[in-house]
Amino acid sequence: MSLTLDQLATEAMGLPTASRAALAEKLIGSLDAASDAEIQQVWVAEAIRRRDDVRSGRVKTIPGDEALARVRRSMA
């Protein structure tokens, strides 16, 4: 007899934390993932798009110390 998805999820949630984490890693690893080359290609395209946005003036940059200060304030 096989379990339904809801039954399986209920059973999995009853596992200890470390076991749930290991199960999650196995499940994620089993998904069809893009190849490293595909991922690299997407990141290169994104970097080029961002560079072009800055060069064209569509995006205004801010100094790194100001960016960090904003992040720190938002987390306080």
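Residues numbered from 1 in each chain as written. Predicted model: local features only at pLDDT ≥ 70, side-chain atom pairs only at ≥ 80, totals over all residues. Heavy atoms only, no water.

## Overview of the confidence of the model for the protein
In this model, the protein carries a mean pLDDT of 92, and residues with pLDDT of at least 70 account for 99%. The element-level mean pLDDT for the protein is lowest in helix α2 (residues 17–30), coming to 92, with helix α4 (residues 64–75) highest at 96. (pLDDT = per-residue confidence, 0-100. Helix = DSSP H or I, 4+ residues; strand = E, 2+ residues; numbered from the N terminus.)

## Structural notes on helix α3 (residues 36–56)
Side chains three or four residues apart in an α-helix point the same way, a direct result of the helix having 3.6 residues per turn. For α3, with 21 residues, the first-to-last C-alpha span of 30 Å sits near the 30 Å given by 1.5 Å per residue. In the stretch just after α3, Gly 57 is the one whose phi turns positive, near 90°. (Expected span 1.5 Å × (residues − 1).)

## Re the pattern of salt bridges
Under the definition given, this model contains 6 salt bridges. Residues Arg 51 and Asp 52 are paired through a salt bridge, measuring 2.9 Å at the closest nitrogen-oxygen approach. Judged by its relative accessible area of 38%, Arg 51 falls in the partly exposed class. On the basis of relative accessible area, Asp 52 is assigned to the partly exposed category, the value being 31%. Here Arg 58 makes a salt bridge to Asp 53, at a shortest N to O gap of 2.7 Å. According to the relative accessible area criterion, Asp 53 is buried, its value standing at 11%. When salt bridges that share partners are traced, they join Glu 46, Arg 49, Arg 50, Asp 53 and Arg 58 into one network. (Salt bridge = Lys/Arg side-chain N within 4 Å of Asp/Glu carboxyl O. Buried < 20%, exposed > 50% of the residue type's maximum accessible area, 1.4 Å probe, protein only.)

## What about the environment of Ser 19?
Positionally, Ser 19 belongs in helix α2. Once the C-alpha coordinates of Ser 19 and Asp 36 are considered, the two residues, 17 residues apart in sequence, prove to be 28 Å apart.

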